[in-house]
Amino acid sequence: MAQPDNQSKRFFESLSGAGKSIAVLTSGGDAQGMNAAVRAVVRMGIYVGAKVYFIREGYQGMVDGGEENIKEASWESVSSMLQMGGTVIGSARCKEFRCHEGRLKAAHNLVQRGITNLCVIGGDGSLTGANLFREEWSGLLEELVQQGLIDEDAVQKYSALHIVGMVGSIDNDFCGTDMTIGTDSALHRIIEVVDAIMTTAQSHQRTFVLEVMGRHCGYLALVSALACGADWVLIPEMPPEDGWEEKMCQKLSANRAGMKRLNIIIVAEGAIDCNNKPITTDHVKDLVVRCLGFDTRVTILGHVQRGGTPSAFDRILASRMGVEAVIALLETTANTPACVVSLCGNQAVRLPLMECVQMTQEVQKAMDEKKFEEAVKLRGRSFENNLKTYKLLAHRKLESELPHSNFNIAVLNVGAPAAGMNAAVRSAVRVGISEGHKMFAVNDGFEGFYKGQIKEVKWADVGGWTGQGGSLLGTKRTLPAKHVEKIAEQMRAHNINALLVIGGFEAYLGLMELLEARGKYDEFCVPMVMVPATVSNNVPGSDLSIGADTALNAITDTCDRIKQSASGTKRRVFIIETMGGYCGYLASVGGLAAGADAAYIYEEPFDIRDLQSNVEHLTEKMKGAIQRGLVLRNENSNENYTTDFIYQLYSEEGRGVFDCRKNVLGHMQQGGAPSPFDRNFGTKISAKAMLWLTKKMNETFRQGRVFANTEDTCCLLGMRRRALVFQPVVQLKDETDFVHRIPKEQWWLKLRPLMKILAKYKTSYDVSDSGQLEHVVRNIQPKESDPSGAM
């Protein structure tokens with residue numbers, strides 16, 4: 001096995017867990033991804049030399065104690081947990097822990113095992129209880145001394161209790177984090193049901209009223225409404241105004257008149273009106289039947305939303321947070337406040353636990369006092385953006401209400417198809433029409449552009465597009481350079497004032513070629529923006545691309561099935577080839593989500609010695625309790641070490657210990673319905689791009705025409721760590737490896753050591769990117785002058 005390098009040695013010296021004991025528990029309601037978090041805490045804890053304990057059945061197990069409830073974990077005890085829903089170590093609500101006597105028993109049970117580091121996975125109630133336990137700790141130890149249960153040495157040795165929380169809640173109701181563990185998986189369950197219901201509703205011209213979870217938080221209802229293009233949504237944070245019943249019926253009726261054969265209404269279980277009275281699904285159904293006479297059905301999703309396999313996003317989030325939690329526990333001091341590790345944009349952060357809890361409680365207080373706008377702001381920027389985007393897309397303005405712009409905008413897809421492209425096009429068209437523009441759809445990318453395959457597209461033309469995979473506009477890899485003259489003619493003929501290009505690396509290259517053509521053709525002196533959409537996630541200037549999450553879920557689901565196929569056949573290693581060109585994102589992040597033993601990529605060169613080391617590692621592993629192996633290979637990771645070569649090498653070297661199978665996933669990674677994440681991401685990023693185009697067209701309108709020839713009017717809109725950022729494509733040239741069509745620096749390479757650590761390899765881990773303790777930032781309204789800031 002490879003020895004740790006110098007960087008790794010510094011890591012072990014500064015973050016050694018030797019002599020420390022960490023306990024992990026899950027409390028409150030279960031959520032998909034909790035097992036991935038438990039697995040990461042156990043393996044990272046053991047990796048740094050700490051003893052790690054399971055506490056079964058949450059706080060109840062801590063109070064009851066005993067070998068069965070507080071048990072030392074081994075590396076093997078968390079294998080095969082990653083793909084399981086719920087929580088394997090159990091969760092229970094515990095009345096005893098709410099009493100002082102119960103917490104005294106819990107303290108005694110922890111001290112007996114030398115546990116002073118707690119990792120709590122649960123909701124705000126569980127985390128508040130943990131913080132109270134921490135505050136009382138020294139007093140509890142004194143009481144135990146007085147009762148003769150422990151001695152003074154134990155008080156000195158275990159003087160401080162350190163706590164780090166991870167939020168496991170499908171409702172996403174905890175302030176300070178963009179996504180809690182389990183939320184994305186719950187959205188998967190909801191969208192699977194909605195997609196299935198839409199087919200039967202279409203057949204019978206029915207209206208469906210769906211109730212989703214969210215007693216105090218409307219996140220699931222709001223995002224699922226965005227992701228499926230629901231006609232109406234009811235959430236507790238933003239109750240409808242008086243007279244909403246009539247407005248809703250008018251909207252449903254207008255949609256049917258516009259040739260739509262079905263209606264979907266999504267209701268959060270905690271939905272209320274502006275007088276704080278509950279709005280039930282039965283009330284909504286009776287209203288639709290009474291006022292419109294539509295055939296209406298109610299579906300209550302219930303605990304289906306909590307169950308099932310965790311999504312790729314939740315596995316990666318939980319694994320990252322689990323490792324981060326162990327690092328936070330090792331770095332904590334007696335004066336460090338209890339913190340939660342969470343996600344802000346694409347960045348891991350640590351926030352003081354009680355600041356988050358207090359803000360979460362303030363949301364409920366604001367709702368009780370009917371200060372609903374304040375409640376939405378307290379929920380955070382992500383929630384507010386979702387609500388604004390939904391309002392922008394769901395409610396069509398009357399012709400008289402639309403601003404009159406006289407601007408024409410063309411939208412096209414370029415490159416390979418990616419799930420979520422259609423959601424982005426729908427969002428662009430509807431936001432453009434809401435802004436008063438004429439929207440034109442270009443079929444078949446730049447090839448269709450120069451051939452004149454351009455037509456005006458209306459609001460109703462993009463109805464039902466969010467859940468469709470592939471590219472309904474059609475997409476080609478053709479670049480514009482050879483056809484700029486014909487494209488300029490089409491721009492002139494249709495009076496195109498701005499361009500929105502949705503696509504992958506070809507779209508990025510195409511935008512650069514159009515920018516270069518500005519010197520020769522004034523038609524290209526218009527605002528142009530690109531939104532990244534490719535399963536490969538290889539576009540410079542953006543951490544994430546539309547379509548990559550759907551591809552990751554396809555890889556993860558397939559790996560789960562492949563691993564399961566070996567459950568009756570012991571000692572088998574699977575070699576799986578993923579897409580991505582030269583970009584190893586899918587192989588690396590898919591490997592983390594699927595629990596792979598190795599992932600071979602172009603960005604991290606490997607040789608025969610590395611392959612031999614991996615075979616030896618797997619041989620050692622197969623001699624123990626774990627008897628299945630998973631190896632991923634990016635399609636262009638190495639021209640000589642092909643998938644066939646690696647398969648044959650592993651088969652030969654592992655002879656007598658394990659056998660091998662190989663699988664090339666191919667285009668199944670590009671197909672299928674888009675994941676909720678890709679639908680939501682595509683919708684929001686495209687809406688932001690359209691608002692930016694509107695702003696730029698107004699700024700560059702001179703003497704009766706739009707004339708934009710500066711670098712900052714040809715941009716790529718990408719996710720950078722915590723925010724969506726517009727970047728001139730010219731400035732991205734230096735960040736690009738054009739030969740291999742990848743960015744020179746890629747953020748996800750920092751996740752590769754996590755995969756190796758969780759697979760029991762000794763490796764270096766850069767803790768400089770770990771979250772630092774920050775304070776909860778209250779959401780401040782952006783300036784009115786910048787509408788794109790609201791997104």
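Cut-offs applied
Residues numbered from 1 in each chain as written. Predicted model: local features only at pLDDT ≥ 70, side-chain atom pairs only at ≥ 80, totals over all residues. Heavy atoms only, no water. Helix = DSSP H or I, 4+ residues; strand = E, 2+ residues; numbered from the N terminus. Buried < 20%, exposed > 50% of the residue type's maximum accessible area, 1.4 Å probe, protein only. Contact = heavy atoms within 4.5 Å. Areas by Shrake-Rupley, 256 points an atom, 1.4 Å probe, with all protein chains shown as cover. Lys, Arg positive; Asp, Glu negative; His and termini not counted. Charge placed at Lys NZ, Arg CZ, Asp CG, Glu CD. Pairing = 2+ DSSP bridges. Axes fitted to C-alpha atoms, helices over the stretch in contact; angles between N-to-C directions. Salt bridge = Lys/Arg side-chain N within 4 Å of Asp/Glu carboxyl O. Phe/Tyr/Trp six-rings, centres within 6.5 Å; stacked < 30°, edge-to-face > 60°. Lys NZ or Arg CZ within 6 Å of the ring centre and 35° of its normal. Patch = residues over 30% accessible without salt bridge, like charges linked within 9 Å, V, L, I, M, F, W, Y side chains within 5 Å. Disulfide = S-S within 2.5 Å. Left-handed = near helix turned anticlockwise from the far one by under 90°. Nonpolar A, V, L, I, M, F, W, Y, C, P; charged D, E, K, R; others polar. Expected span 1.5 Å × (residues − 1). Parallel < 35°, antiparallel > 145°, perpendicular 65-115°, else oblique. Core = buried A, V, L, I, M, F, W, Y, C linked by side-chain atoms within 4.5 Å.

*Asks:* What should I look at first to understand the overall build of the protein in this one?
*Replies:* Counting secondary structure elements, the protein contains 24 helices and 27 strands. Seen through its C-alpha atoms, the protein measures out along the principal axes to roughly 90 × 70 × 45 Å. The buried share of the protein, reckoned over its 791 residues, is 61%. Within the protein, contacts between residues at least 6 apart in sequence are counted, and of these 79% link residues at least 24 apart. For the protein, the accessible surface area stands at approximately 30400 Å², while carbon and sulfur atoms represent 48% of it. Here the protein holds 88 positive side-chain charges and 92 negative ones, and the gap between their average locations is 3 Å.

*Asks:* Looking at this structure, how should I read the sheet that holds strand β4 (residues 117-122)?
*Replies:* The strands making up a sheet associate through hydrogen bonds between their backbones, and the pairing can be parallel or antiparallel. Overall, mixed pairing links the seven strands, which are arranged β3-β2-β1-β4-β5-β10-β11 in an open sheet. Bordering the open sheet on either side are β3 (70-72) and β11 (347-352), each of which pairs with just one other strand. In this sheet, adjacent strand axes meet at a mean angle of 25° when their direction is disregarded. Pairing of strand β5 (residues 162-167) with strand β10 (residues 339-344) involves three bridges; the strand directions are parallel. Bridge assignment links V164 to a residue of β10, and that residue is C339. Across the sheet, helix α2 (residues 34-47) lies against β1 (21-26), β2 (51-55), β4 and β5, angled at about 175° from β1, the strand it touches most.

*Asks:* Please explain the pattern of salt bridges as it appears in this structure.
*Replies:* Oppositely charged side chains can form a pair if their charged atoms are brought close together. Counting across every chain of the model gives 35 salt bridges. One salt bridge connects E456 with K458, and the closest N-O pair in it is separated by 3.2 Å. In this structure, a network of salt bridges that share partners links the residues R206, D295 and R297.

*Asks:* Please explain the packing of aromatic side chains as it appears in this structure.
*Replies:* Two aromatic rings are characterised by how far apart their centres lie and by the angle between their planes. Inspection of every chain in the model, using the stated rule, returns 17 aromatic pairs. Their ring planes at 75° and their centres at 6.2 Å tell us that Y585 and W748 sit as a pair that is edge-to-face. Of this pair, Y585 sits in helix α20 (residues 585-594) while W748 sits in the loop between β27 (742-743) and α24 (752-758), and the two are 163 residues apart along the sequence. For Y585, a relative accessible area of 4% puts it in the buried group. Judged by centre distance (4.9 Å) and plane angle (15°), the ring pair of W692 and F726 falls under stacked. Residue W692 is located in helix α23 (residues 676-699), and its partner F726 is located in strand β25 (residues 723-728); the two are separated by 34 residues in the primary sequence. One aromatic cluster in this structure is built from Y59, F97, F133 and W137. In this arrangement the basic side chain of R256 is found over the ring face of F294, its NZ or CZ atom lying 4.3 Å from the centre. A cation over an aromatic ring shows up here: K762 above the ring of Y47, its NZ or CZ 5.0 Å from the ring centre.

*Asks:* When you look at a negative patch on the surface in this model, what are you seeing that I'm missing?
*Replies:* A cluster of acidic side chains, namely E142, D151, E152 and D153, defines a negative patch on the protein surface. Relative to the assigned elements, E152 resides in helix α6 (residues 152-157).

*Asks:* Honestly, the state of the cysteines in this entry has me stumped. Any pointers?
*Replies:* Where two cysteines share a covalent bond between their sulfur atoms, that bond is called a disulfide. Summed over all chains, the structure comprises zero disulfides. Of all cysteine sulfurs, the one in C356 lies closest to C339, which takes part in no disulfide; the gap is 9.3 Å. In this structure C339 comes out as buried when scored by relative accessible area, which is 5%.

*Asks:* When you look at the environment of P532 in this model, what are you seeing that I'm missing?
*Replies:* Counting through the fold element by element, P532 comes out in strand β17 (residues 528-532). Measuring from C-alpha to C-alpha, the distance between P532 and Q205 comes to 36 Å, with 327 residues separating the pair along the chain. When neighbours within four sequence positions are excluded, P532 is seen to be in contact with G503, V539, S542, L544, S545, I546, I685 and L717.

*Asks:* Any chance you could explain the sheet that holds strand β8 (residues 263-268) here in plain terms?
*Replies:* With parallel pairing, the four strands of this open sheet are ordered in space as β7-β8-β6-β9. The sheet is open, and its two borders are formed by β7 (232-234) and β9 (296-300), each paired with just one other strand. Averaged over all pairs of adjacent strands, the angle between strand axes in this sheet comes to 15°, irrespective of strand direction. Summarising the sheet, strand β6 (residues 207-212) and β9 pair through five bridges and their orientation is parallel. In the strand pairing of β9, L210 is matched with T299.

*Asks:* Any chance you could explain the packing of helix α15 (residues 421-434) against α23 here in plain terms?
*Replies:* Packed helices, taken two at a time, are described by the angle their axes make and the gap between the axes. Contact pair α15 / α23: the axes reach a minimum separation of 8 Å and the direction vectors enclose 35°. Classified by chirality, the crossing of α23 by α15 is right-handed. Across the interface between the two elements, A423, A424, S427, A428, V431 and G432 of α15 pack against R679, G682, T683, S686, A687, M690 and L691 of α23. The residue inventory of the contact of α15 with α23, partitioned by class, reads seven nonpolar, five polar and one charged.

*Asks:* Is there a simple way to explain helix α11 (residues 312-331) in this structure?
*Replies:* Note that an α-helix has 3.6 residues per turn; residues three or four places apart therefore point the same way. The terminal C-alpha atoms of α11 lie 29 Å apart, and with 20 residues this matches the ideal 28 Å at 1.5 Å per residue to within 8%. Of all 20 residues making up α11, 19 are buried, and the element is well covered by its neighbours.

*Asks:* What should I look at first to understand helix α4 (residues 100-112) in this one?
*Replies:* Taking 1.5 Å as the rise per residue, α4 with 13 residues should run 18 Å; its terminal C-alpha atoms sit 19 Å apart, in good agreement. Turning to α4, its buried residues are G102, R103, L104, A106, A107, H108, N109, L110 and V111. Considering only its buried residues, α4 is in contact with β2, α3 (58-64), β3, β4, α5 (124-146) and α6. With its phi angle positive at about 70°, G114 sits one or two positions after the end of α4.

*Asks:* How should I be thinking about the packing of helix α7 (residues 183-204) against helix α8 (residues 219-228) in this particular structure?
*Replies:* Here α7 crosses α8 at 50°, and the two axes come no closer than 10 Å. Viewed along their axes, α7 and α8 adopt a mutual orientation that is oblique. Judged by the twist between their axes, the crossing of α7 over α8 is right-handed. Across from T183, A186, L187, I190, I191, V194 and M198 in α7, the residues of α8 making contact are Y219, L220, V223, S224, A227 and C228. When the residues that make up the contact of α7 with α8 are grouped by side-chain class, the tally is eleven nonpolar, two polar and no charged.

*Asks:* I would appreciate a short explanation of the nonpolar core in the present structure.
*Replies:* The nonpolar side chains of a soluble globular protein tend to be buried with one another. By size, the foremost hydrophobic cluster in this structure holds 154 residues, and its most contacted members are M44, M166, I266, L500, I502 and Y585. At 13 residues, α11 tops the list of elements feeding residues into this core. Among the nonpolar cores identified, the runner-up in size contains 41 residues, and V155, V167, F174 and C356 belong to it.

*Asks:* Would you mind going over unusual backbone geometry with me for this structure?
*Replies:* Residues other than glycine predominantly adopt negative phi, and peptide bonds predominantly adopt the trans conformation. Positive phi, close to 60°, is recorded for E57, a residue that is not glycine. Its location among the elements puts E57 in the loop between β2 and α3. Non-glycine residue N537 carries a positive phi angle of around 55°. Here N537 lies in the loop between β17 and α19 (548-565).

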